[in-house]
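Report on the structure
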Amino acid sequence: MPDPIPVSSRAASIEYAIRDVVVPATRLEQQGHTILKLNIGDPIAYPGLPTPSHMVEAYAAALSNGHNGYSPSYGLPALRQAIAEDEQRKGWSANSDDIYVCHGVTEALQLIFAAVLEQGSKVLAPGPHYPPYMAYPQMYGGQTIEYKLHSRDGWRPDFDDIASKMDDDVRLLVLINPNNPCGTVCGADDVDRLLAIAEQYPNCIVVADEIYDGLDFTNTHVSTASRSTTVPVIALNGVSKVYYAPGWRIGYMALHDPTQRLSLVRDGLERLLRSRLCASTPAQLGYLAGLTGDRAWMDAYASRVEEQRNHCLSRISQIEGLEVERPGGAFYMFIRLTDERWANDDKAFVLQLLEEEHVLLVHGSGFSPDLGKGHVRLVYLADVDVLDEAFDRIDEFLQRHRK
Ligand SMILES: Cc1ncc(COP(=O)(O)O)c(C=O)c1O
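We now turn to the structure provided with this report. (Residues numbered from 1 in each chain as written. Predicted model: local features only at pLDDT ≥ 70, side-chain atom pairs only at ≥ 80, totals over all residues. Heavy atoms only, no water.)

Observations concerning empty space enclosed by the protein
The probe, sized like a water molecule, is rolled over the atoms to show the empty space still left. For clarity, the threshold we go by: Cavity means a closed set of points on a 1 Å grid over the protein atoms alone, one where a 1.4 Å probe fits but cannot get out, pocket means an open set with protein on both sides within 12 Å along at least 5 of 7 lines, and lining means a residue has an atom within 4 Å of a point. Grid points are joined across faces, edges and corners, and a volume is the space filled by probe spheres set on the points. Any residue that is not Ala, Val, Leu, Ile, Met, Phe, Trp, Tyr, Cys, Pro, Asp, Glu, Lys or Arg is counted as polar, Gly included; the first ten are nonpolar and the last four charged.
This model, assessed by the stated rule, comprises 1 cavity of 30 Å³ or more. When its volume is computed, the largest cavity comes out at roughly 50 Å³. As for the largest cavity, its lining consists of Pro-126, Tyr-147, Leu-149, Trp-155, Pro-157, Leu-175, Ile-176, Asn-179, Thr-184 and Cys-186. Taken together, the residues of the lining of the largest cavity sort by class into 8 nonpolar, 2 polar and no charged.

Shown next as structure tokens:
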């Protein structure tokens, strides 16, 4: 065999725990087993939370009406306007020129990192966190440093830790609110504390990932941009989670620039956006229908998700070996493994549970090797019957391995 052609080290070092555990699950499925999948944060992967039909119809109509060409690089003007109005409702004076439509928040992140990071730059992000915040910055010469979330205080940010890790190399300070994987919701006080720290560093931009903002069961969520009068904020959001259409790959970044310091970054972002042409045109029209249409359906969806959260909290409280902080939003819980054996090896727990009980979770160390270890992430969107069956099996598994 000839030697394989080398791969770049930046690609070879990428890990995405959420999808990595799917490989052994797929093997078991190929052997004919049914897997109870509580691993993936895709609402469409679970029954009962379909993309609203008026959005699907608008997408389909866009296809049949010939909206199949490229669209403007920053997004369709009507969509940028609708997003700006939505951000205004969240409490700040967004203008349609501040909105840039992307192929999901994930593309927005890559563009932001490309536009801001230089060799030696740092991204200060919560630990545990959604994996791309760790995977991508290194591709642009930067590195991600984690700030602690308090594992026994609802996974709230540790502001002393943030303050101690800030320096002039931190170009992006990230707040994921509500948080994936912990479900933490930060209210006005927490957001203000974070902004007060960022304010001391003139070249730092706050990245506010608010993709789960419509799933806040505490009624305390605030838009970070709406709280900032001095610090530049890039708000991220889109169609994937609260509009239940992640496969459409549409999201946006909204630039809040209260002291007019983002002109160079904005220019860089615009160059990057033009160089990658545009986001999907018909999908943008589907999202537009979601933003401009009736939203009464959203409350019904959120209530269902909240009920499932409550059911899971009650089940977990009865299982020896598991503990959980009550998540305030999103659709995740980050469960603590209290049996020493599993607390020391959450990945072994996930893989063995999968092999023996055919239940699929994600290991917490995949969301932060240090700050996530000893935990597993559960997505609580499956039907209650499936969740109950999964909890029964997890309980049996824990008991069997304790003997
Ligand atoms: C915090 C967070 N941001 C962004 C995304 C992905 O967003 P998008 O589908 O818009 O790329 C996810 C998906 O799980 C997420 O959890």
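Back to the write-up after that little detour.
With respect to the packing of aromatic side chains
Stated formally: The pairing test for Phe, Tyr and Trp rings, Trp by its six-membered ring, is centres within 6.5 Å, and the orientation test on the planes gives stacked under 30 degrees, edge-to-face over 60, and tilted for anything in between. For the purposes of this entry, the term helix denotes a DSSP run of H or I that reaches at least four residues, the term strand denotes a run of E that reaches at least two, and both are numbered from the N terminus. For the exposure calls, accessible area comes from a 1.4 Å probe over protein chains only, and a residue counts as buried if that area is under 20% of its type's maximum, exposed if over 50%, partly exposed in between. We count a charge as sitting over a ring when the NZ of a lysine or the CZ of an arginine lies within 6 Å of the ring centre and within 35 degrees of the ring normal.
In total, this model carries 16 aromatic pairs according to the counting rule given. Both rings, one in Tyr-212 and one in Phe-331, keep their centres 5.4 Å apart while their planes meet at 90°; by these two values the pair is edge-to-face. Of this pair, Tyr-212 sits in the loop between strand E6 (205-209) and helix H10 (224-227) while Phe-331 sits in the loop between strand E9 (322-324) and strand E10 (332-337); the two residues are 119 residues apart in sequence, bridging distant segments of the chain. By the burial criterion, Tyr-212 is buried, and Phe-331 matches it. Plain terms: the ring middles of Tyr-244 and Tyr-301 are 4.7 Å apart, the flat faces sit at 65° to each other, and that makes the pair edge-to-face. Residue Tyr-244 is found in the loop between strand E7 (233-238) and strand E8 (251-256), and its partner Tyr-301 is found in helix H13 (residues 296-317); the two are separated by 57 residues along the sequence. Taken together, Tyr-243, Tyr-244, Tyr-287, Trp-297 and Tyr-301 form an aromatic cluster joined through their ring pairs. The ring of Tyr-100 carries the charged tip of Arg-80 above its face, separated from the ring centre by 5.4 Å.

Regarding the pairing of E7
Put simply, the rule reads: Two strands form a pair only when DSSP identifies at least two bridges running between them.
E7 sits mainly inside the fold: 6 of its 6 residues count as buried. Two elements, E6 and E7, share 4 bridges in a ladder whose sense is parallel. Counted as the bridge partner of Asp-209 is Leu-236 from E7. When E7 meets E8, the two strands line up antiparallel, connected through 6 bridges.

Things to note about the sheet that holds E7
Worth spelling out the cut-off: Note on method: axes are straight lines fitted to C-alpha atoms, helices fitted across the in-contact stretch only, with angles between N-to-C directions ranging 0 to 180 degrees. Only heavy atoms matter for contacts: two residues are in contact if any of them lie within 4.5 Å across the pair.
Reading across the sheet, the 7 strands line up as E2-E8-E7-E6-E5-E3-E4 and stay open at both edges, with mixed pairing between neighbours. Across the chains shown, the open sheet's two edge strands, defined by having one partner strand only, are strand E2 (99-102) and strand E4 (143-148). On average, adjacent strands in this sheet sit at an angle of 25° to one another, irrespective of strand direction. One ladder, built from 6 bridges, connects strand E3 (residues 122-127) with E4; its direction is parallel. Its bridge partner being in E4, Leu-124 is matched across the sheet by Ile-145. Taken strand by strand, helix H6 (residues 104-116) contacts E2, E3, strand E5 (170-176), E6, E7 and E8, and its axis lies near 155° from that of E7. Here helix H11 (residues 263-275) sits on the sheet and contacts E2, E6 and E8; the angle it forms with E2, its principal contact strand, is near 30°.

Some remarks on the environment of Asp-370
The condition that has to hold: Polar contacts, as used here, are pairs of N or O atoms within 3.5 Å; protein pairs need one atom able to donate a hydrogen and one able to accept it. Residues neighboring in sequence count only if both atoms are side-chain atoms.
Summarising the element assignment, Asp-370 is placed in the loop between strand E12 (362-363) and strand E13 (375-379). Along the chain, Asp-370 and Tyr-147 lie 223 residues apart, while their C-alpha atoms are 11 Å from each other. One polar contact links Asp-370 to Lys-373, side chain to side chain, over a distance of 3.5 Å.

A closer look at the state of the cysteines
The condition that has to hold: What counts as a disulfide here is a pair of cysteine sulfur atoms lying within 2.5 Å.
Following the criterion strictly, the structure yields 0 disulfides and no others. Looking at Cys-204, it has no disulfide partner, and the nearest cysteine sulfur is the one in Cys-186, 16 Å off. Exposure remark for Cys-204: the relative accessible area of 1% places this residue in the buried category. A disulfide-free cysteine, Cys-312 has its sulfur positioned 16 Å from the sulfur of Cys-182, the nearest such atom. The buried category is assigned to Cys-312, whose relative accessible area is 0%.

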